[in-house]
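Tertiary structure, described
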Amino acid sequence: MPRVIDTPLLAQNSDRFAIVVSRFNDLITGRLMEGAVSTLTRHGADEGKITVAWVPGSYELPLASEKLAASGEYEAVIALGAVIQGETTHHDYINHAMAQGLMQASQRTGVPILFGVLTCENLDQALNRAGGKVGNKGTEAALAAIEMVNLLRKLG
């Protein structure tokens, strides 16, 4: 039987989390942020140890996330944004660059940077994923942050 490393979905009261939120599409991203903060505190994080940093758009998420991760002040960073497809292919360029930037920043710093960015075809899809029918991706990103922090602690 393989060795299983399981982690509780419980944050330590001393854990510090940063949440980077895109101001563009703030109707959506505000709901994602509320879901993330609520989830972190429900699972044991101290609200006073959560930092929220707003950036202009999703394209700016990687740089701010990496700066926060590299600061040594946070156990995890949660990146939240909403890129909604328009009439051009602009969203493709934003999505690819942003996703790759977040992954590279996490790998460079060794700090989990969680992807809580919606990439939707329309506003209804985004609303459904920001507390609507499909749940809240901010909540999911916060749960993943707690799990990754605990896993990395166990791995040493």
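Everything below is about the structure shown above.
Cut-offs and rules
- Residues numbered from 1 in each chain as written.
- Predicted model: local features only at pLDDT ≥ 70, side-chain atom pairs only at ≥ 80, totals over all residues.
- Heavy atoms only, no water.
- 1 Å grid on protein atoms, 1.4 Å probe; cavity = no way out; pocket = protein on both sides within 12 Å on 5 of 7 lines; lining within 4 Å.
- Points joined across faces, edges and corners; volume = space filled by probe spheres on them.
- Helix = DSSP H or I, 4+ residues; strand = E, 2+ residues; numbered from the N terminus.
- Nonpolar A, V, L, I, M, F, W, Y, C, P; charged D, E, K, R; others polar.
- Axes fitted to C-alpha atoms, helices over the stretch in contact; angles between N-to-C directions.
- Parallel < 35°, antiparallel > 145°, perpendicular 65-115°, else oblique.
- Left-handed = near helix turned anticlockwise from the far one by under 90°.
- Contact = heavy atoms within 4.5 Å.
- Pairing = 2+ DSSP bridges.
- Right-handed = clockwise from strand over helix to strand, strands pointing away.
- Patch = residues over 30% accessible without salt bridge, like charges linked within 9 Å, V, L, I, M, F, W, Y side chains within 5 Å.
- Areas by Shrake-Rupley, 256 points an atom, 1.4 Å probe, with all protein chains shown as cover.
- Salt bridge = Lys/Arg side-chain N within 4 Å of Asp/Glu carboxyl O.
- Buried < 20%, exposed > 50% of the residue type's maximum accessible area, 1.4 Å probe, protein only.
- Polar contact = N/O pair within 3.5 Å; in protein donor to acceptor, adjacent residues only side chain to side chain.
- Expected span 1.5 Å × (residues − 1).
- Arc of directions from axis to C-beta.

Another aspect to go through is the layout of surface pockets. Space inside the largest pocket adds up to approximately 240 Å³. Lining of the largest pocket is provided by 17 residues; of these, Phe24, Val83, Ile84, His90 and Ile94 occupy positions nearest its centre. Going through the elements one at a time, β3 (76–84) and α3 (90–109) are the ones with two or more residues in the lining of the largest pocket. Of the residues that constitute the lining of the largest pocket, the class distribution is seven nonpolar, nine polar and one charged.

Here helix α2 (residues 61–70) crosses α3 at 10°, and the two axes come no closer than 8 Å. The angle between α2 and α3 falls in the class roughly parallel. Every pair of crossing elements has a handedness; the one defined by α2 and α3 is right-handed. For the pair formed by α2 and α3, the contact residues are Leu61, Pro62, Ser65, Glu66, Ala69 and Ala70 on the first element and Met98, Gly101, Leu102, Ala105, Arg108 and Thr109 on the second. Its residues assigned to classes, the contact of α2 with α3 shows seven nonpolar, three polar and two charged.

Taken together, the six bridges between strand β1 (residues 17–22) and strand β2 (residues 50–55) define a ladder with parallel strand orientation. If you follow alanine 18 over to β2, its bridge partner there is threonine 51. Once the chain exits β1 it traverses helix α1 (residues 26–42) before rejoining the sheet at β2, and the crossover so formed is right-handed.

Next up on the list: a nonpolar patch on the surface. Together, Ile5, Met148, Leu152 and Leu155 give the surface a local cluster of nonpolar side chains, amounting to about 310 Å² of exposed area. Relative to the assigned elements, methionine 148 resides in helix α5 (residues 137–155). With relative accessibility at 31%, the residue methionine 148 sits in the partly exposed group.

A few words on the sheet that holds β3. Taken in spatial order, the four strands make up an open sheet running β2-β1-β3-β4, and their pairing is parallel. On the outer flanks of this sheet lie β2 and β4 (113–120), each paired with one strand and no other. Along the sheet, successive strands turn relative to each other by an average axial angle of 15°, direction set aside. Pairing of β3 with β4, which is carried by eight bridges, proceeds in the parallel orientation.

Relative to each other, α1 and α5 sit at 40°, their axes nearing to 7 Å. Between α1 and α5 lies a crossing whose hand is right-handed. Packed against α1, whose contacting residues are Leu32, Gly35, Ala36, Thr39 and Leu40, the element α5 presents Lys137, Gly138, Thr139, Ala142, Leu143 and Ile146 at the interface. Grouping the amino acids of the contact of α1 with α5 by side-chain chemistry returns six nonpolar, four polar and one charged.

Okay, the environment of serine 71 next. Position of serine 71 among the secondary structure elements: in the loop between α2 and β3. Look at serine 71 and you get partly exposed, because its relative accessible area is 37%. Serine 71 sits 25 residues away from histidine 96 along the chain, and the two C-alpha atoms are 25 Å apart. Of the polar contacts made by the side chain of serine 71, one reaches the backbone oxygen of leucine 68; its length is 2.7 Å.

Between its terminal C-alpha atoms α3 stretches 29 Å, which fits the 28 Å expected from 20 residues at 1.5 Å a residue. The complete set of buried residues in α3 reads His91, Ile94, Asn95, Met98, Gly101, Leu102, Ala105 and Ser106. All buried residues of α3 project into a common sector of 145° when viewed along the axis, lining one side. Facing away from the buried side of α3 by more than 90 degrees, the exposed set consists of Tyr93, His96, Gln107 and Arg108. Tucked into the core, α3 has its buried residues touching α2, β3 and β4.

Treat this as a map of the structure, not an account of what it does.
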